[in-house]
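Observations on the three-dimensional arrangement
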Amino acid sequence: MSEDPFLNPINPDKVAENPGLLPYAHTAGGAVIKPDDMGKVKGRSVLAMRQQTDRQMNQLYEQMEVLARQAKLLADRKEISERIYDAAMGFEPIISETYYLYEKEDGSDLMSLVAPEEWGRSFKYSRYLAKVKLLADHTWEVEYNDKND
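What counts, and where the lines are drawn
- Residues numbered from 1 in each chain as written.
- Predicted model: local features only at pLDDT ≥ 70, side-chain atom pairs only at ≥ 80, totals over all residues.
- Heavy atoms only, no water.
- Salt bridge = Lys/Arg side-chain N within 4 Å of Asp/Glu carboxyl O.
- Helix = DSSP H or I, 4+ residues; strand = E, 2+ residues; numbered from the N terminus.
- Buried < 20%, exposed > 50% of the residue type's maximum accessible area, 1.4 Å probe, protein only.
- Pairing = 2+ DSSP bridges.

Here the focus is the pattern of salt bridges. Inspection of the entire model under this criterion finds 5 salt bridges. The partner of R77 in a salt bridge is D137, with the nearest N and O atoms 2.6 Å apart. Placement of R77 in helix α1 (residues 38-86) and of D137 in the loop between β3 (127-134) and β4 (140-144) is noted, with a sequence separation of 60 residues between them. Residue classification places R77 among the partly exposed residues on the basis of a relative accessible area of 27%. Between R83 and D109 there is a salt bridge; the shortest N-O distance is 2.5 Å. Highlighted residues: R83 in helix α1 and D109 in strand β2 (residues 109-112), separated in sequence by 26 residues. A single salt-bridge network, built from bridges that share partners, covers R83, E103, D109 and R127.

Shown next, in the form of structure tokens:
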């Protein structure tokens, strides 16, 4: 007589072929399996989703702030570059060279090769505005004069 491996000597019709796939414990010592409370699961999922999307939104806002600052700096550089190009200059500026921007008595600007300390007593402008350097993109790096000469 061959013994059937699925034969339950107590109750033969209460035997499962794959007991591990049952949605409940199939032995007295088995783990208790309770169905999940879908409200709690969804609540935790929604909370996690909100935290993650809020974090990503904050990162985007930070990136936007950086881009806005960069755009402002570029606009400022463009504005001062236009002022420098409108200034009187008797030479062609060379990339990476340093020059000096002065304001004349009539309010117009002048670009010079001469630094403020090199003028001595012959300083003939109303004030020294900035030290400038021509960049490769033909805008100017500007170091403003903090002293009001």
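Here β2 shows two buried faces, one formed by D109 and M111 and the other by L110 and S112. Pairing between strand β1 (residues 98-103) and β2: 4 bridges, direction antiparallel. Bridge pairing in β2 places E103 opposite D109. Hairpin connection of β1 to β2: 5 residues between the antiparallel strands, including G107 at a positive phi of 95 degrees.

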